[in-house]
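# Secondary and tertiary structure notes
Listed below, chain by chain, are the residues.
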There are 2 protein chains.
Amino acid sequence: MNPSFEELKKELNLRNVNLSYQRLKVLKYLTQNQCHPTVDQIFTDLHKDISTLSKTTVYNTLRVLEEVDLVRVITIEEHETRYDINVENHGHFKCETCGTIYDFSVDIDFLTPRDLDKFKINDKNVYFKGICPRCLSIE
Amino acid sequence: MNPSFEELKKELNLRNVNLSYQRLKVLKYLTQNQCHPTVDQIFTDLHKDISTLSKTTVYNTLRVLEEVDLVRVITIEEHETRYDINVENHGHFKCETCGTIYDFSVDIDFLTPRDLDKFKINDKNVYFKGICPRCLSIE
DNA sequence: TAATAAATCTATAACCTTTACAATGTTGTT
DNA sequence: AACAACATTGTAAAGGTTATAGATTTATTA
């Protein structure tokens, strides 16, 4: 499972990242909204609570969290960078009709391309596109 | 193997896409430069031959070619949409040091996530990040 | 071939996301 | 309390992509 909020706070301390009020809110948002939100979604939602919040802060915070490997960047589609707190390897499915992004479990370690024998692999990503069951049933 | 240039021209006719001079040049470029170029790379190189070429035309052409499934969009990294004429399923490896994108063969059909039983899958993508052998040896 | 319609190309401006930067505010340490 | 270090904010700038309108080319018909 995903790490709990408390565990994440500990992680930040371990990695010498100060936990400001804004960073705490972003982190909390990511743990509670594991729907791969965009910066704009995060900013818009948090702005309701923190009227002084700047979008730059959201960018900065996400960059910091990414640097310490607590957050993962997902680039399924151009022009919409999404953020995911789950660092575990899993695949993403984007519905081309409604835009929802679904997680799915995939045995990425099973992928052992012989072509990459001499390559150092840091990150593996799998994403599919298509139509989700809900949109299929509506059609 | 990849389709030949002549075959691609036939494909365009089949799909009722007019083959203008500019489109022909872009298509030719993609078949001869299968290095997943960006729009800017395509435009800059072609501009040497066609001084009147507009970057908008490159965008438009790529969109048309994508719509008829002759070209595939690769989004490995944010802010750099890349184009690939090879529609066959294969994986991409991006070297985080030199930026080169390598192809590798991967048995994508082997990926049969049970989670996606009821999903209609149109497109499968696999991309890895890490360091390529050349950069490893230089270090 | 000429006339007309349709499609394509070009250039510019607009848009949107992300980054850079400088000023302000906050936190931590002594 | 004073200082330094860091974080936040707001604005401006950068970069890539798209919208649009006019010019050019191509296709069609007579």
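Scroll up to find the structure.
This is a predicted model, so every value here is computed, not measured. (Residues numbered from 1 in each chain as written. Chains lettered and ligands numbered in written order. Predicted model: local features only at pLDDT ≥ 70, side-chain atom pairs only at ≥ 80, totals over all residues. Heavy atoms only, no water.)

Sheet strands pair by backbone hydrogen bonding; their relative direction is either parallel or antiparallel. What the six strands build is an open sheet, ordered 4(A)-3(A)-5(A)-5(B)-3(B)-4(B); its pairing is mixed. The open sheet is flanked by strand 4 (101–104) of chain A together with strand 4 (101–104) of chain B, the only strands paired with a single partner. Across the sheet, the axes of successive neighbouring strands diverge by a mean angle of 25°, strand direction being ignored. Note: strand 3 (residues 91–95) of chain A against strand 4 of chain A, four bridges, orientation antiparallel. By the bridge assignment, His92 of chain A is partnered in strand 4 of chain A with Asp103 of chain A. (Pairing = 2+ DSSP bridges. Helix = DSSP H or I, 4+ residues; strand = E, 2+ residues; numbered from the N terminus. Axes fitted to C-alpha atoms, helices over the stretch in contact; angles between N-to-C directions.)

Of all hydrophobic cores here, the largest spans 24 residues; its most connected members are Phe93, Phe104 and Val126 of chain A together with Phe93, Phe104 and Val126 of chain B. Among the elements of the structure, strand 3 and strand 5 (120–131) of chain A together with strand 3 (91–95) and strand 5 (120–131) of chain B are those that each provide at least two residues to this core. (Core = buried A, V, L, I, M, F, W, Y, C linked by side-chain atoms within 4.5 Å. Buried < 20%, exposed > 50% of the residue type's maximum accessible area, 1.4 Å probe, protein only.)

The next point concerns the protein's contact with DNA strand C. Not every one of the 14 residues close to DNA strand C is listed here, only the nearest: Tyr59 and Thr81 of chain A together with Ser20, Thr52 and Thr57 of chain B. Within 4 Å of the protein, the contacting atoms of DNA strand C are 81% sugar and phosphate, with bases supplying the remainder. Within the side chain of Asn18 of chain B, an N or O atom sits 3.4 Å from a sugar or linking oxygen of DNA strand C. Take Ser54 of chain B: an N or O atom from its main chain is 3.2 Å from a phosphate oxygen of DNA strand C. Contributing elements (two or more residues each) for the surface near DNA strand C: helix 4 (55–67) of chain A together with helix 2 (21–32) and helix 4 (55–67) of chain B. Element by element, the count of residues in the surface near DNA strand C is highest for helix 4 of chain B, at three residues. (Near = heavy atom within 4 Å. Polar contact = N/O pair within 3.5 Å; in protein donor to acceptor, adjacent residues only side chain to side chain.)

What follows covers the packing of helix 2 (residues 21–32) of chain A against helix 4 of chain A. Residue and element names in this part refer to chain A. Packing of helix 2 against helix 4 brings their axes to within 10 Å, and their N-to-C directions diverge by 70°. In terms of axis orientation, helix 2 runs roughly perpendicular to helix 4. Where helix 2 approaches helix 4, its residues Gln22, Arg23, Val26, Leu27 and Leu30 are matched on the opposing element by Thr57, Thr61, Leu62, Val64 and Leu65. (Parallel < 35°, antiparallel > 145°, perpendicular 65-115°, else oblique. Contact = heavy atoms within 4.5 Å.)

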